[in-house]
Structure formats: C-alpha cells, structure tokens
Amino acid sequence: MNKPLPASRQTKLLAADAAGIAEAAALLRAGGLVAMPTETVYGLAADATSGTAVAGIYAAKERPSFNPLISHLPDLTSARRQGLFDANALALAQAFWPGPLTLVVPASSGCTVSDLARAGLPSVALRVPAHPVAHAVLEAAGRPIAAPSANRSGRISATSAAHVLADLDGRIDAILDAGPTEVGVESTIVACLDGAPRLLRPGGVPRAAIEYVIGRPLVIAGDAGHAPISPGMLASHYAPAARVRLDAEAPEDGEAWLGFGPEGREHPASLNLSPSGDLREAAAHLFGYMRRLDEMGRRTIAVARIPEHGLGEAINDRLRRAAAPR
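The text that follows walks through the structure, step by step, so that each part is easy to find. What you are looking at is a predicted structure, and each value in this text was computed from that prediction instead of being measured. (Residues numbered from 1 in each chain as written. Predicted model: local features only at pLDDT ≥ 70, side-chain atom pairs only at ≥ 80, totals over all residues. Heavy atoms only, no water.)

**Thoughts on the overall build of the chain**
Summing up its helical and strand segments, the chain has 9 helices and 15 strands in all. Rg of the C-alpha trace for the chain: 19 Å, near the compact-globule value of 20 Å for 326 residues, within the 12% margin. Looking at the chain as a whole, 56% of its 326 residues are labelled buried. In the chain, 69% of the contacts between residues at least 6 apart in sequence involve partners at least 24 apart. For the chain, the exposed area adds up to about 13200 Å²; of that, 52% sits on carbon and sulfur atoms. Taking the average location of the 31 positive side-chain charges in the chain and that of its 32 negative ones, the two points are 5 Å from each other. (Helix = DSSP H or I, 4+ residues; strand = E, 2+ residues; numbered from the N terminus. Rg over C-alpha atoms; globule rule 2.2 N^0.38 Å. Buried < 20%, exposed > 50% of the residue type's maximum accessible area, 1.4 Å probe, protein only. Contact = heavy atoms within 4.5 Å. Areas by Shrake-Rupley, 256 points an atom, 1.4 Å probe, with all protein chains shown as cover. Lys, Arg positive; Asp, Glu negative; His and termini not counted. Charge placed at Lys NZ, Arg CZ, Asp CG, Glu CD.)

**Some points on the environment of Ala140**
With respect to the helices and strands, Ala140 occurs in helix H5 (residues 132–141). You can call Ala140 partly exposed: its relative accessible area is 35%. Expressed as a C-alpha distance, the spacing of Ala140 and Pro100, which sit 40 residues apart in the sequence, is 21 Å. Ignoring any residue separated from it by four or fewer positions in sequence, one finds Ala140 in contact with Ala25 and Arg29.

**Digging into the packing of helix H4 (residues 87–96) against helix H7 (residues 207–214)**
Interaxial distance between H4 and H7 falls to 9 Å at its minimum, and their mutual angle equals 125 degrees. Classified by the interaxial angle, the pair formed by H4 and H7 is oblique. For H4 against H7, the interelement crossing comes out right-handed. Judged by residue contacts, Asn88, Ala91, Leu92, Ala95 and Phe96 of H4 engage Ala209, Ile210, Val213 and Ile214 from H7. Here the residues of the contact of H4 with H7 are counted per class, giving 8 nonpolar, 1 polar and no charged. (Axes fitted to C-alpha atoms, helices over the stretch in contact; angles between N-to-C directions. Parallel < 35°, antiparallel > 145°, perpendicular 65-115°, else oblique. Left-handed = near helix turned anticlockwise from the far one by under 90°. Nonpolar A, V, L, I, M, F, W, Y, C, P; charged D, E, K, R; others polar.)

**A short note on the sheet that holds strand S1 (residues 12–15)**
Pairing is mixed across the open sheet formed by 11 strands, whose spatial order is S1-S8-S2-S3-S7-S4-S6-S5-S9-S10-S11. Of all the strands in the sheet, just S1 and strand S11 (219–220) have a single pairing partner and so form its edges. As paired elements, S1 and strand S8 (residues 174–177) share 4 bridges and run parallel to each other. Each residue of the ladder has a partner; that of Ala15, found in S8, is Asp177. On top of the sheet, H4 reaches strand S5 (101–106) and strand S9 (188–191); it is set at about 155 degrees to S5, its chief contact. (Pairing = 2+ DSSP bridges.)

**With respect to the packing of aromatic side chains**
Aromatic rings in a pair are described by how distant their centres are and how their planes are angled relative to each other. The final tally for this structure, using the stated rule, is 1 aromatic pair. Here Phe85 and Trp97 contribute two aromatic rings whose centre-to-centre distance is 5.9 Å and whose plane-to-plane angle is 75 degrees, an arrangement assigned as edge-to-face. Here Phe85, found in the loop between helix H3 (76–82) and H4, pairs with Trp97, found in the loop between H4 and S5; they are 12 residues apart in sequence, far enough to count as distant. (Phe/Tyr/Trp six-rings, centres within 6.5 Å; stacked < 30°, edge-to-face > 60°.)

**Section: the pairing of S8**
As paired strands, strand S2 (residues 34–37) and S8 are joined by 2 bridges and run parallel to one another. Residue pairing for S8: Val34 is matched across the bridge by Ala174.

**Quick notes on the pairing of strand S10 (residues 198–201)**
Here S9 runs beside S10; their pairing, made up of 3 bridges, is antiparallel. Looking at S10, one finds that Ala191 is bridged to Arg198. Between S9 and S10, which pair antiparallel one after the other, the connecting turn spans 6 residues, and Gly195 there sits at a positive phi close to 105 degrees. In the sheet, S10 pairs with S11 via 2 bridges, with the strands oriented parallel. Paired with Arg198 across the strands is Val219, a residue of S11.

**Looking at the state of the cysteines**
Summed over all chains, the structure comprises 0 disulfides. Cysteine Cys111 remains unbridged, with the sulfur of Cys192 as its closest cysteine sulfur at 16 Å. Classification of Cys111 as buried rests on a relative accessible area of 17%. Note on Cys192: relative accessible area 2%, which makes it buried. (Disulfide = S-S within 2.5 Å.)

Here's what the structure looks like:
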C-alpha cells in the first residue's frame, strides 16, 4: 500500500468571485492544484498540459497512475483542438455541452493534454462543464484543465468545499468555494472511438437521452481490468471505510441506514436520500450522505433499494462500486 502523503502546503479557501477565480487560474498556470466546483462534483484541477502538474493530482489523490483523467475545456471549439470528433461525438457534444457528459475520443495530432493525463493512451477524455465558476476558471487559465473528483482515490466524491478540505487539506494549494454542487454524481462517460458509441460510466446525463441523440442503443462497456480507458472504471471505487450492504429492506443491529423514498423509518444512524423519491435529489445527496454515515463509525451502511432508471442508474453504479470487495 502507498503511504499517506504528508501535508506539506497551506490550502487556501478562495471565494468564487472575480478575485478568487483570477487567483485560481494563476495557480493553475503556475502548476498548482486547485479544487473547483463543477455542476457534478468538485474537481481537483491542474494544468493538463503539464506532466508535473498532473503528477501532483495523482500524488494528492493517491490515485492509480493507469487511470486516465478528464480534461476540461471552456467550449467545443477548444475541445476539438484536443480530440477527433466523429459524427456521433459531435452530435453528443452539441446536444449536451456544456454539461455533465464526458466524451472519450481519439487524441488529435495537436493534442496538448499530457501523456500522464491520458495514461499513455491514444485517446483523450474531454468535457465542457456547465458551472459558471468552472467556465470562468477555464477561460482565465487558457489551457485544458485535468480535474478528477477532489477526494483521495477510492474515497467518496466531494460535493462541497468542506468535503474537499476534509480529504485534501495540506495536499493542494486552494479550494474555490462556490457552495454545494447541483447534480451530485459525476459526468456520464461515452467513448466514441471505433464505431458504435460505448457507455463507459453512467452519470449526470441519462442513457436514454444519449440514445435519443445518436438514434441507437449504446454499447455497454464492462468493468475494466488493469488498464481502464476512462475514469470511473475500477470495480472498487467511491468506497467508504464501512462495508456497504445494498438493496436492504431494513438496517440490522449496529448498521447505519441510507434510505430512499417515503419510508418513515426512525433510526439513530439514518439519512434519507430523498423522502419524496426524487432521483435528482437523491443524486445530489448521495456522496454527502455516504460521508456523514461513514463518519458515524458503524461497520456497515445498509442501503435501501434505488430504482434502476434515469439518474438511478448512476446512483446504483456508485453504490455497487462502493460495495465491491477491496
């Protein structure tokens, strides 16, 4: 196992105003690490064109070096300088950017995203985020920005500045605090590499919406082995310290409980993702509630059954990864 990285720097908390955005962009251009909000989760940002800066992400997150990173751009024009978009990729980008969709496409001959950020692959993962603060940072930085979720590798993704601070205080230069994120789960990842688009990771854009745009069913990719082609494909991922028991009818003695829907359950270590059964609300609460239950110190978190449609597909994907053997 890797030894924990010692805290070695002062982590500044920046306001999401013009001064904070300018300082965040300057830190990124200088090779620093900045946690910034997107509409999905907080991302740990670094200059994607600098292998040294990207190495800082891996070190801070203690992330496997074979897992490629998503590079963020301010618009489609900038993204097309980095990757080759076929008709499907272009249609999806035009339909869902800016927004919570990542496209894995062949790297262009002029791609400036570092080999380390691409994990040595001939493809590149690109996204144009919708969050206005993230967009402002990308415009000011003037280069692709790699930004995986701002948490240590395998831990629950951060949906607030406080979550980032709890995981990465002393490991990064700054956190740009714009309040809690809205979508709550990471971007959907679709590969457009060799014909039929493949769904690599469910996320903030439902599969049905993507299939409507491309006019065909997505090919569903299985979990990766030792060389995933995109983020989010390791089987054991997004894991709390507690064991996770899925599709539970009720908590057993000593378990924490993560509920869903109008169950009316009273339990000393209980949170409900959405009492009304709203999957969007549940997605927004998922990582924060998992963190809070994990902090209660119970050995197991029992999780109620979540519907497998719309954003429920992404929620269940995260929960299955949290429950995977590790």
